[in-house]
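So the chains spell out like this:
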Amino acid sequence: MIQQIYPTTPHLYAFELNKDMQLATAHFIDYEDAGKCQRVHGHTYTINITIAGDHLTDTGFLVDFKQLKQLIHDRFDHQLLNEDPLFHDVPPSTENVAKTVYELIEASLKTMTNAPTCIQVFVRETPTSYVVYRPKEVHHE
Ligand SMILES: Nc1nc2c(c(=O)[nH]1)N=C([C@H](O)[C@H](O)COP(=O)(O)OP(=O)(O)OP(=O)(O)O)CN2
Ligand SMILES: [Zn+2]
């Protein structure tokens, strides 16, 4: 069970939803500066996704928790991140993992008529290292 206190970001939306998930993945950072991380190694990432909005779907959801898990977990769990086309042009650093998760989620949310939006993605790569990604502009209706 994931139970952790995450950083928060202020917003004016009526609803805020958070989805936690864990991903077992491998990666390597193909740059000399990355030191030991140049070698293939694994992490159990802890990811927290924050969605906000003012309107619910007919089912009473801001967005279905399952939709968020499927988008990210089904794609990356038990994969070598470097093999995913999304990490062919950028290294799978924690920063880029967080930004990529945001972009995948936001693209999916954009198709929803109740207009939820992703306002934060938290990615913990190791017990001592994590990144928070927040889009530069958060839009309100
Ligand atoms: N800014 C970033 N720095 C590093 C990243 C990264 O994604 N962004 N990644 C790595 C490595 O992939 C490594 O897996 C994680 O590094 P680190 O936190 O140093 O791991 P340790 O377990 O060795 O941490 P300790 O706190 O020293 O035990 C490196 N840097
Ligand atoms: Zn690593």
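Everything quoted here is computed from the prediction, not taken from an experiment. (Residues numbered from 1 in each chain as written. Chains lettered and ligands numbered in written order. Predicted model: local features only at pLDDT ≥ 70, side-chain atom pairs only at ≥ 80, totals over all residues.)

If you trace the four strands from one edge of the open sheet to the other, you get β1-β2-β3-β4, paired in antiparallel fashion. The open sheet has two edge strands with one neighbour each: β1 (15–27) and β4 (129–133). Within this sheet the neighbouring strands show an average axis-to-axis angle of 15°, counted without direction. Those strands touched by helix α1 (residues 65–76) are β1 and β2 (41–53), and its axis lies near 15° from that of β1. Here helix α2 (residues 94–109) sits on the sheet in contact with β2, β3 (117–126) and β4, set at roughly 150° to β3. (Pairing = 2+ DSSP bridges. Helix = DSSP H or I, 4+ residues; strand = E, 2+ residues; numbered from the N terminus. Axes fitted to C-alpha atoms, helices over the stretch in contact; angles between N-to-C directions. Contact = placed C-beta atoms within 7 Å.)

Moving on, we come to the site of ligand 1. Neighbouring ligand 1 are the residues I29, C37, S93, T94, E95, E125, T126, T128 and S129. Looking at the shell around ligand 1, the elements with two or more residues in it are α2 and β3. Partitioned by chemical class, the residues of the shell around ligand 1 number two nonpolar, five polar and two charged. (Near = placed C-beta within 6 Å. Nonpolar A, V, L, I, M, F, W, Y, C, P; charged D, E, K, R; others polar.)

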